[in-house]
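Chain by chain, the residues:
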Amino acid sequence: MENAKENGGRKLSSNVVVVVFAYPKHGHMSPMLQFAKRLASKGLRVTFLTTSSVNQSLQINLLPSYQIDLQFISDVRTEPILSLKDEHESFDAVVSRSFGDFLDGALRTNINSDYDSTPPRYFVVFDSIMPWAMDVAAERGMDSAPFFTESCAVNHILNQVYEGSLCLSSVPPAAGVSIPSLPVLAVEDLPFFSYEREVVVNFMVRQFSSFKKAKWIFVNTFDQLEMKVVNWMAKRWPIKTVGPTIPSAYLEGELENDKSYGLKHLKMEDNGKILEWLDTKENGSVIYISFGSLVVLPHEQVDELANCLKSITTTTTNLSFLWVLRESEIEKLPNNFIQSTSHKGLVVNWCCQLQVLSHNAIGCFVTHCGWNSTIEALSLGVPMVAVPQWIDQTTNAKFVADVWEVGVRVKIGSDKGIATKEELEASIQRVFGGDHGKNEIKINSTNLMKLAKEAMKEGGSSYKNIEEFVDSII
Ligand code: UDP
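Definitions and limits used
Residues numbered from 1 in each chain as written. Predicted model: local features only at pLDDT ≥ 70, side-chain atom pairs only at ≥ 80, totals over all residues. Heavy atoms only, no water. Helix = DSSP H or I, 4+ residues; strand = E, 2+ residues; numbered from the N terminus. Rg over C-alpha atoms; globule rule 2.2 N^0.38 Å. Buried < 20%, exposed > 50% of the residue type's maximum accessible area, 1.4 Å probe, protein only. Contact = heavy atoms within 4.5 Å. Lys, Arg positive; Asp, Glu negative; His and termini not counted. Charge placed at Lys NZ, Arg CZ, Asp CG, Glu CD. Near = heavy atom within 4 Å. Polar contact = N/O pair within 3.5 Å; in protein donor to acceptor, adjacent residues only side chain to side chain. Areas by Shrake-Rupley, 256 points an atom, 1.4 Å probe, with all protein chains shown as cover. Nonpolar A, V, L, I, M, F, W, Y, C, P; charged D, E, K, R; others polar. Phe/Tyr/Trp six-rings, centres within 6.5 Å; stacked < 30°, edge-to-face > 60°. Lys NZ or Arg CZ within 6 Å of the ring centre and 35° of its normal. Pairing = 2+ DSSP bridges. Axes fitted to C-alpha atoms, helices over the stretch in contact; angles between N-to-C directions. Core = buried A, V, L, I, M, F, W, Y, C linked by side-chain atoms within 4.5 Å. Salt bridge = Lys/Arg side-chain N within 4 Å of Asp/Glu carboxyl O. Parallel < 35°, antiparallel > 145°, perpendicular 65-115°, else oblique. Arc of directions from axis to C-beta.

## Topic: the overall build of the protein
Helices and strands together make up the secondary structure of the protein, namely 16 helices and 17 strands. Taking 2.2 N^0.38 as the reference for a compact globule, 474 residues should give roughly 23 Å; the C-alpha atoms of the protein span a radius of gyration of 22 Å, in line with that estimate. For the protein, with 474 residues in total, the buried portion stands at 58%. Expressed as a percentage of contacts within the protein between residues at least 6 apart in sequence, the contacts between residues at least 24 apart total 69%. For the protein, the distance from the average site of its 44 positive side-chain charges to the average site of its 55 negative ones is 3 Å.

What follows is the structure, encoded as structure tokens:
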């Protein structure tokens with residue numbers, strides 16, 4: 001361990017800088033920020049890098065005590081963007097150039113100041129959604145590793161597509177798909193691409209070009225959650241599970257003052273008021289509903305959900321709801337919904353989801369099954385009602401309902417492709433335990449929560465993988 005010192009029990013490497021480079025979207029920033037914090041807590045010098053446009057929707061507030069250097073590079077495009085394909089291509093062109101300039105600048109001037117006389121070595125951990133980062137780093141003599149923000153199962157499926165062993169558009173509806181180490185998957189369990197299919201599939205599948213070259217592949221999951229698929233993949237590629245990447249205070253609590261991701265959504269409501277409202281509710285009596293930062297629900301789906309919430313809180317009088325509907329979605333609510341349900345529910349633009357999910361009043365989470373939301377709910381032991389919309393959410397929902405059995409997947413009506421009020425209501429009732437005394441879903445959720453916490457504890461599987469990586473680079 002040349003150049004490594006001890007610092008209050010923490011290793012301190014004076015000449016390695018890890019640049020953690022995240023795609024500028026909420027669901028990518030938060031897990032990578034957490035990974036950056038874990039590396040910094042082990043004494044590594046860490047620069048967290050993303051692109052400038054992120055500031056339009058998010059504020060990054062990192063406590064100075066993390067000692068993470070925060071940097072932004074330009075993603076400003078001057079050419080007109082006429083399609084999604086244009087958007088991806090121009091982002092890649094502009095950002096790969098700014099990323100190269102950033103690394104050149106770092107090599108010239110050293111981004112941090114207090115090094116020993118040895119010049120720093122750089123290691124890049126890049127968001128797998130930007131696979132070109134590996135070549136940009138290699139051209140400058142830097143090692144790098146992709147960080148995957150989806151589940152291992154989803155990565156496995158998409159890698160099969162990348163390798164040409166699976167074609168998502170030609171799976172016969174009646175037949176299931178058998179993929180080694182995964183349960184048989186029906187068409188509706190496979191990743192689903194609802195618009196600009198080809199462009200989005202290419203964007204997702206190209207991530208796996210880094211598999212052949214990488215010496216480390218980080219995945220935001222934990223061994224106990226996806227044991228079979230992790231083992232299968234780890235025999236072939238250097239897969240390392242490093243999750244759940246949620247703030248330590250919600251897991252093992254070993255990282256000092258780590259109570260939030262450090263990301264503030266600019267449309268965030270007064271979270272204190274939301275928590276005060278939750279404080280007035282009985283334990284396990286609130287239905288929390290959120291579809292994340294990107295999903296745009298069909299008008300009719302919002303209607304069905306609204307009718308379900310109105311009905312279920314009338315028939316089961318101790319239940320209430322907290323519904324996150326982004327500003328752009330609120331206009332889809334039925335007339336007078338907010339006023340007429342104000343004694344039973346609260347509708348907000350955005351909240352601190354972790355604080356909400358960890359509140360005792362929350363009894364279930366109606367979710368789109370984005371991977372962050374899923375792993376947050378798993379880690380906090382909150383049962384889910386899965387209403388997946390696209391990409392990886394369909395596969396996550398399959399695992400929630402049928403593999404981990406920590407929730408119920410709502411059946412989608414075949415005619416309109418949406419979940420009806422009746423289906424939603426029945427699924428929520430099932431998650432609350434229905435008429436049965438023993439609630440298996442709640443028991444399974446509590447068990448998985450314990451395993452999630454153990455993975456990040458000293459000696460846990462993700463903890464050990466992070467240690468191994470840190471030891472190897474210093
Ligand atoms: N989130 C939040 N407040 C909200 C809704 C969502 O903090 O009101 C966070 C949530 O905790 C999660 C992220 O936004 O970390 C959503 O990520 P996910 O992968 O679930 O979905 P995406 O937004 O990428 O579709």
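## A closer look at the site of the ligand
What surrounds the ligand is a group of 16 residues, the closest being S293, C351, N372, S373 and E376. Contact distances for the ligand include 3.0 Å between an oxygen atom and a side-chain N or O atom of H368. Expressed as a share of its isolated accessible area of 540 Å², the protein-covered part of the ligand is 92%. Of all the secondary-structure elements, those providing two or more residues to the shell around the ligand are β12 (286-290) and α12 (371-380). Of the residues contributing to the shell around the ligand, the split by class is 6 nonpolar, 9 polar and 1 charged.

## What to know about the packing of aromatic side chains
Within the structure shown, the criterion is met by 21 aromatic pairs. Where F321 meets F337, the ring centres are 5.8 Å apart and the plane angle is 35 degrees; that geometry is what we call tilted. Of this pair, F321 sits in strand β13 (residues 320-324) while F337 sits in helix α10 (residues 337-340), and the two are 16 residues apart along the sequence. Positioned over the ring face of W232 is R236, at 3.6 Å from the centre of the ring.

## Digging into unusual backbone geometry
Look at the link from G243 to P244: it is a cis peptide, with omega at 5 degrees. Looking at the element boundaries, P244 is found in the loop between β10 (239-241) and β11 (263-265). The phi angle at Q67 is positive, at roughly 55 degrees, despite the residue not being glycine. By secondary structure assignment, the location of Q67 is in the loop between β5 (58-60) and β6 (68-73). Of note in this structure, N257 is not a glycine but carries a positive phi near 55 degrees. Along the chain, N257 falls in the loop between β10 and β11.

## Looking at the sheet that holds strand β7 (residues 121-127)
Strands belonging to one sheet form pairs held by backbone hydrogen bonds; the direction of such a pair is parallel or antiparallel. If you trace the 7 strands from one edge of the open sheet to the other, you get β6-β4-β3-β7-β8-β9-β10, paired in parallel fashion. The open sheet terminates on both sides in strands that have one partner only, identified here as β6 and β10. With direction set aside, neighbouring strand axes in the sheet form an average angle of 25 degrees. Bridge analysis of strand β4 (residues 45-51) against β6 gives 6 bridges, and the strand direction is parallel. Following the sheet pairing, L49 is matched in β6 by Q71.

## A short note on the environment of N55
With respect to the secondary-structure elements, N55 resides in the loop between β4 and β5. Residue classification places N55 among the partly exposed positions, given a relative accessible area of 38%. Sequence separation between N55 and E89 is 34 residues, and the spatial gap between their C-alpha atoms is 21 Å. If we ignore the near neighbours within four places in the chain, the residues touching N55 are F72 and L266.

## Details of the nonpolar core
Where a protein is soluble and globular, its nonpolar side chains tend to be buried together. Core analysis: the largest hydrophobic core is formed by 160 residues, its most contacted members being F21, L39, F99, V125, I287 and W323. Here this core gets 7 residues from one element, more than from any other, and that element is helix α1 (residues 26-41). Not counting the four nearest positions on each side in its chain, F21 is found in contact with M32, L49, I73, V95, F99, V125, F126, D127, M130, W132 and A133.

## Some thoughts on the side chain of Q160
Turning to its location among the elements, Q160 is positioned in helix α4 (residues 152-163). In this structure Q160 comes out as buried when scored by relative accessible area, which is 10%. Each residue touching Q160, except ones within four places of it in the same chain, is listed here: S165, L166, I179 and W232.

## Focus: the pattern of salt bridges
Overall, the coordinates contain 16 salt bridges when judged by the stated rule. Among the ionic pairs, K37 bridges to D258, the shortest N-O distance being 2.8 Å. Taken together, the residues span a long stretch of sequence, with K37 in helix α1 and D258 in the loop between β10 and β11 at a distance of 221 residues. Each member of the pair, K37 as well as D258, is classed as buried. Close ionic contact of R140 with D104 constitutes a salt bridge, the shortest N to O distance being 2.6 Å. Of the two residues, R140 sits in the loop between α3 (133-138) and β8 (143-148) while D104 sits in helix α2 (residues 84-109), which places them 36 residues apart along the sequence. By relative accessible area, R140 is classed as partly exposed at 23%.

## Comments concerning the packing of α2 against helix α5 (residues 197-205)
Here α2 crosses α5 at 25 degrees, and the two axes come no closer than 9 Å. Put simply, α2 runs roughly parallel to α5. Contacts between α2 and α5 involve L84, K85 and H88 on the former and, on the latter, V199, V200 and F203.

## What about helix α14 (residues 421-431)?
Burial in α14 covers these residues: L424, E425, S427, I428 and V431. Viewed along the axis of α14, the buried residues span an arc of 165 degrees, placing them on a single side of the element. Across from the buried face of α14, at angles greater than 90 degrees, the exposed residues are E422 and R430. Just beyond α14, the residue with positive phi is G433, at close to 110 degrees.

## Considerations on the environment of E458
Following the sequence through the fold, E458 ends up in the loop between α15 (440-456) and α16 (461-473). With relative accessibility at 61%, the residue E458 sits in the exposed group. The spatial distance from the C-alpha of E458 to the C-alpha of M134 is 30 Å, given a sequence separation of 324 residues. Among all residues touching E458, those that are not within four sequence positions of it are E254 and Y463.

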